[in-house]
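# Understanding the architecture of this molecule
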Amino acid sequence: MIEKIFNEAKRIVPAYTLLGSMAITSGCANLSKVNDKTEPVNDVTEYALLINGDHNSVHHEANIARALGKLEDIGYLEENIISLTGEDPRKNKLLTYNYNPGTLSYFKEAVSYLQNHLDNNDILLVYTTGHGGRHGNISYLRLYDRWISSEEIAAALNKIPFGRLIYVADQCF
């Protein structure tokens with residue numbers, strides 16, 4: 001049924017309009033009308049920030065390793081992935097990348113880096129794993145050196161000029 005509708009639409013609507021409509025409705029592109037054709041305005045680059053505050057846990061290190069593998073599988077480039085986990089949990093498979101501990105100072109450094117490299121077309125995926133907690137209405141993530149509140153994380157991430165944010169929190173609270 002869907003294939004029949006799609007084929008009918010292809011006959012009636014010029015291809016560039018159909019593709020532009022599909023990209024806009026799926027949220028995959030920023031498009032503008034130029035010379036009666038729909039063309040991409042800027043390329044979308046995908047970045048990821050992976051944070052593990054519990055370097056002593058094989059479980060949380062494995063979460064980071066799985067996330068790294070999946071991100072590579074879907075096309076994220078190694079140079080666009082920041083992993084705050086202490087060391088490469090895949091036993092140095094990515095020899096060129098520096099893995100810093102999941103501390104507050106390295107979190108701030110990562111945010112600063114992302115502020116200078118992303119624009120409003122880019123996708124930022126943030127994945128946190130480790131221990132979480134809650135005090136009143138505020139959730140916290142345990143970093144290696146201290147707890148950080150969800151409000152602090154949000155304030156830091158809001159400094160980054162991303163186009164789309166995907167946040168995955170894999171801890172309690």
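What you see is a predicted model, and the numbers here were worked out from it, not measured in a lab.

Cut-offs applied
Residues numbered from 1 in each chain as written. Predicted model: local features only at pLDDT ≥ 70, side-chain atom pairs only at ≥ 80, totals over all residues. Heavy atoms only, no water. Salt bridge = Lys/Arg side-chain N within 4 Å of Asp/Glu carboxyl O. Pairing = 2+ DSSP bridges. Helix = DSSP H or I, 4+ residues; strand = E, 2+ residues; numbered from the N terminus. Axes fitted to C-alpha atoms, helices over the stretch in contact; angles between N-to-C directions. Contact = heavy atoms within 4.5 Å. Buried < 20%, exposed > 50% of the residue type's maximum accessible area, 1.4 Å probe, protein only.

## Looking at the pattern of salt bridges
Applying the stated criterion to the full structure yields 1 salt bridge. Residues R146 and E152 are paired through a salt bridge, measuring 3.3 Å at the closest nitrogen-oxygen approach.

## Side note on the sheet that holds strand β7 (residues 138-142)
In space, the 3 strands of this open sheet follow the order β6-β7-β8, with antiparallel pairing throughout. With one partner strand each, in any of the chains shown, β6 (132-135) and β8 (147-149) form the two edges of the open sheet. For this sheet, the mean angle separating the axes of adjacent strands, direction not counted, is 35°. With 3 bridges connecting them, β7 and β8 associate as antiparallel partners. Within β8, the residue paired with Y140 across the bridge is S149. Strands β7 and β8 of the sheet are contacted by helix α5 (residues 150-157), whose axis makes an angle of about 70° with β8.

## Some words on the pairing of β7
Only one face of β7 is covered, namely the one carrying S139 and L141; the face carrying I138, Y140 and R142 has none of its residues buried. Pairing analysis gives 4 bridges linking β6 to β7, with the strands arranged antiparallel. In the sheet register, G133 faces β7, and the bridge partner there is Y140. Linkage of β6 to β7, two consecutive antiparallel strands, is achieved through a turn of 2 residues, within which G136 is found at a positive phi near 65°. With antiparallel pairing between neighbouring strands as the criterion, β7 and β8 make up a hairpin whose turn holds 4 residues.

## A look at the side chain of T128
Among the secondary structure elements, T128 is positioned in strand β5 (residues 123-129). Apart from the residues within four sequence positions on either side, T128 is in contact with I51, L141, Y167, V168, A169, D170 and Q171.

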